[in-house]
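Residue-level structural notes
Residue-level listing of the chains:
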Amino acid sequence: MKLITKTTLLYILISIIVFGIGGVVTYNLISKEIAKETDYYLRSSLDVIDYRLKRAVQRGYDLERRFNTSQLNIQEVEDGEVDEIYFSDTIAMHPHLKQLENMRMLKVVRDVEGKLFEITMIDVVVEDSDIYDSVVQIITRLFALLVLASIIGSFFISKTLLRPFHATLSKIKSFRVDRPERINLPSTRVKEFSQLNTFINEMTGKAQDEYQSLKKFSENASHEMQTPLAIAQGKLEILADNEQLSEAQFSQVMSAQKALGRLSQLHQSLSLLTKIENREFDQGVSTDVSQLVRETMENFKELYAMKNLTLTAQIEDAVVVNLNPHLGSILLSNLFHNAMRHNQENGFVKVNLTSNNLTIRNSGEPPNKDPALLFNRFEKSSEQTNSSGLGLAIVKEICDFHSMKISYMYDEHHQIDISFA
Amino acid sequence: MKLLLIEDNAELADNVYTYLTKEGYVCELAASRREASNKLAAFEYDVILLDIMLPDGNGMEILRELKKEETNTGLIIISAKNALDDRVEGLNLGADDYLTKPFHLSELNARLKAIYRRRHFDGKQSIVFKEIEVDTLQQEVSVHGHQVVLTKKEYELLLYFLANKNRVLTKQSIAEHLWGDHVDFLDSFDFVYQHIKNLRKKLTKAGAQDYLSNVYGMGYKFREVVS
């Protein structure tokens, strides 16, 4: 969910609560105010009645005829507390609507010319449900207006206020630590964004510097290692050329040479892995994998024949995949080599290439290791002491580099599957 | 063959010098770019072995200068960097070959000869060793004038032996020569053995003498004189 959507929703949620409470408060205030106003109206009407009553009594008018209506009633009473005004709620017939309605009633006893009169006045009060309805209507309309305003507002905020943030985001997305170009985010007027940009500028710059120095270091270390290796290997070669060497001496020279060869190969594999990890290779061009597979098969044909392995292949023509051709041929060589190494006498290797995937199946003993660990570095089956344990790690790394999926399974035969999509 | 070895590491230069003088080449050394430029200005060489990382500059510069003069000098780059870019740049600039450290001296020797052949005889020269003749252009081998059909690897193996006559070739250097160093070929010694067995069988069957001898079961030697 986008930040602006989330804040807008949160804002609306808070508004719901505020408007709910606000509605209750408004309702209470309005009902109280209306009750007060009704009482005030009754009281002020009483002043007029008082005056008229006094005059009517002095002149001896018929009170019944003169005053009593549905809303006013004046009666002579024997006793009562004079001038004590009582208010109460009652239900009475509405004069126009002709139905029972909530009314406010005022009762008072007046002493006029020595006689006691009880005055009862009623007036219609505004009904609670009417107030409630109005309040709800007002609140919902306001709320709808607010939601609309929030949505429009958030749209504009995200377009304008968050613009520097989006700009930063898109620059970070295209940032690559292995490229020399700095990210160079501009400063903005918003303090937080400005701070963020400064921080990102510094951090990415530092990451790039460190990446470069690490790369330089591993490159240098790699080069510095090759020269002594070359010297030692050359010395041993010259030594082996000596006719006077005894068998034991020659054997020792060979062992030393073999160990050196192993070291140099290990070193090469590791630096290849590092280079792929550091993305020092081009992602690649459209490569005819069918052709590449056929070439690799051709290279291995002789070796397979020597091991009495039957090689069968179903290769779809012109399978083109985005691949670095150099890495592609390393990948295939490693796979074909593995299919041979982990095979048995008179075994088979089956290659199947379609536009979506490459599958290599070969006979052989089940793996004595967890297949999930197979692609890890230095993971090798115990009896294969001659392998470096990096072949499949390189294969995996090349697949990852090209976003291809690789999987291994064993059901009577080894099967490695690479899907290009 | 006259060679100039441009290499700043004395030990490594000594290895190459020892190995190649025994082969009968005239080999001169230059330890810096300046020294190399001086020698190149004064003398002519058949092949130059060039380490591209020199204390006083990049060896690629020497390559550029050299190519301006359009000589018939062959050039092999020796580099500690196994970087594809460098290899491509070097070959584009006109180097004949690119060898990554560490390398086998026998491999260097074989490549030197191939370049020399290519440069001086347009690759047409056939290698004749007693009754064995190798046509490097057609990639055909004949014994006593009769063609012997070899597989590609057997052919490469024969050339490798002919380039390194009377030298001990270890199984490892043979394996690397045949299959390169991309794949973990440490278990490939059986294949070397099989290839040599097949090659020997084909050659002797065609009437050649058995020049290939085994050195203590660990290496091989192509002897000019059959003992």
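Remember, predicted model here, so these are calculated numbers, not experimental data. Per chain, residues are indexed from 1 in the order of the written sequence. A letter from A marks each chain and a number from 1 marks each ligand, given out in the order of writing. Two thresholds apply to this predicted model, a pLDDT of at least 70 for residue-level local features and 80 or more for giving and counting side-chain atom pairs, whereas whole-chain, interface and lining totals are computed over all residues.

**Structural notes on the overall build of chain B**
For the purposes of this entry, the term helix denotes a DSSP run of H or I that reaches at least four residues, the term strand denotes a run of E that reaches at least two, and both are numbered from the N terminus. Helix and strand counts for chain B stand at eight helices and 14 strands. The burial criterion counts other C-beta atoms lying within 10 Å of a residue's C-beta, which is placed from the backbone; the residue is buried at 20 or more, exposed at 12 or fewer, and partly exposed between these limits. Taking all 227 residues of chain B together, 41% fall into the buried category. Any pair of residues counts as being in contact when their C-beta atoms, constructed from backbone geometry, are within 7 Å of one another. Taking the contacts inside chain B whose residues are at least 6 apart along the sequence as the reference set, 57% of them involve residues at least 24 apart.

**Structural notes on the packing of helix α5 (residues 191-240) of chain A against helix α1 (residues 10-22) of chain B**
Put simply, α5 of chain A and α1 of chain B touch, their axes get as near as 9 Å, and they point 30 degrees apart. Classified by the angle their axes make, α5 of chain A and α1 of chain B are roughly parallel. Taken as a pair, α5 of chain A and α1 of chain B cross one another with a handedness that is left-handed. Along the contact surface, α5 of chain A presents Thr 227, Ala 230, Ile 231, Gly 234, Lys 235 and Ile 238 of chain A, while α1 of chain B presents Glu 11, Leu 12, Asn 15, Thr 18 and Tyr 19 of chain B. Among the residues making up the contact of α5 of chain A with α1 of chain B, the classes are represented as five nonpolar, four polar and two charged. Axes here mean lines fitted to C-alpha atoms, for a helix over just the part in contact, with angles spanning 0 to 180 degrees between N-to-C directions. Here roughly perpendicular refers to angles of 65 to 115 degrees, roughly parallel to angles under 35, roughly antiparallel to angles over 145, and oblique to all remaining angles. Crossing handedness follows the turn of the near helix against the far one: under a right angle anticlockwise gives a left-handed crossing, and clockwise gives a right-handed one. Under the scheme applied, nonpolar residues are Ala, Val, Leu, Ile, Met, Phe, Trp, Tyr, Cys and Pro; charged residues are Asp, Glu, Lys and Arg; polar residues are all the others, including Gly.

**Points about the interface of chain B and chain A**
In this complex, chain B contributes 35 residues to the contact, which on the side of chain A involves 38 residues. When residues of the side of chain B that touches chain A are traced back to their parent elements, those giving at least two are α1, α5 (105-121), β12 (168-170) and α8 (189-205) of chain B. In the side of chain B that touches chain A, the residues fall into 15 nonpolar, 12 polar and eight charged.

**With respect to helix α9 (residues 391-401) of chain A**
Given 3.6 residues per turn, any residue in an α-helix points the same way as the ones three and four places further on. All names here are of chain A. For α9, the tally of buried residues reaches eight of 11 residues, placing the bulk of the element in the interior. By the burial criterion, the buried members of α9 are Gly 391, Leu 392, Ala 393, Ile 394, Val 395, Lys 396, Glu 397 and Ile 398. Looking at the buried side of α9, the elements it contacts are α6 (247-277), α8 (325-341) and β10 (405-410). Of the residues trailing α9, Ser 403 is marked for its positive phi of about 55 degrees.

**So, the packing of α5 of chain A against α6 of chain A**
Residue and element names in this part refer to chain A. Axis separation between α5 and α6 bottoms out at 10 Å; the angle between their running directions is 160 degrees. When the axis of α5 is compared with that of α6, the two are roughly antiparallel. Read as a crossing pair, α5 and α6 show a hand that is left-handed. On α6, the residues touching Ser 218, Ser 222, Met 225, Leu 229, Ala 232, Gln 233, Leu 236, Leu 239 and Ala 240 of α5 are Phe 250, Val 253, Ala 256, Gln 257, Leu 260, Leu 263, Ser 264, His 267, Ser 271 and Thr 274. Split into classes, the residues belonging to the contact of α5 with α6 amount to 11 nonpolar, eight polar and no charged.

**A look at the pairing of strand β7 (residues 97-100) of chain B**
Residues and elements named next belong to chain B. In terms of strand pairing, strand β6 (residues 74-79) meets β7 through four bridges, oriented parallel. Within the sheet, the bridge partner assigned to Ile 77 lies in β7 and is Tyr 98. Handedness is read with the strands pointing away from the viewer; a crossover is right-handed when the path from the first strand over the helix to the second is clockwise. On the question of chirality, the crossover connecting β6 to the parallel β7 by way of helix α4 (residues 84-92) is right-handed. Two strands form a pair only when DSSP identifies at least two bridges running between them.

**A look at the confidence of the model for chain B**
pLDDT is defined as a per-residue confidence score from the predictor, taking values between 0 and 100. Per-chain confidence: chain B averages 87 in pLDDT, with 95% of residues scoring 70 or above. Scoring the predicted complex yields pTM 0.66 and, for the interface, ipTM 0.86.

**Structural notes on the sheet that holds strand β9 (residues 357-362) of chain A**
All names here are of chain A. Strands sit in the order β6-β8-β9-β11-β10 across an open sheet of five strands; the sheet is mixed. Each edge of the open sheet carries a strand with a single partner, namely β6 (310-315) and β10. Put simply, the sheet's adjacent strands are angled 10 degrees from each other on average, direction ignored. Both β6 and strand β8 (residues 348-353) contribute to a ladder of six bridges, which runs parallel. Across the sheet, residue Gln 314 finds its bridge partner in β8, namely Asn 352. Here helix α7 (residues 289-306) sits on the sheet in contact with β6 and β8, set at roughly 170 degrees to β6.

**With respect to the pairing of β6 of chain B**
Residues and elements named next belong to chain B. Most of β6 sits out of view: six of its six residues are buried. Side-chain alternation along β6 places Gly 74, Ile 76 and Ile 78 on one buried face and Leu 75, Ile 77 and Ser 79 on a second face that is also buried. For strand β3 (residues 47-51) and β6, the ladder comprises five bridges, and the chain directions are parallel. Bridged to Asp 51 within β6 is Ile 78.

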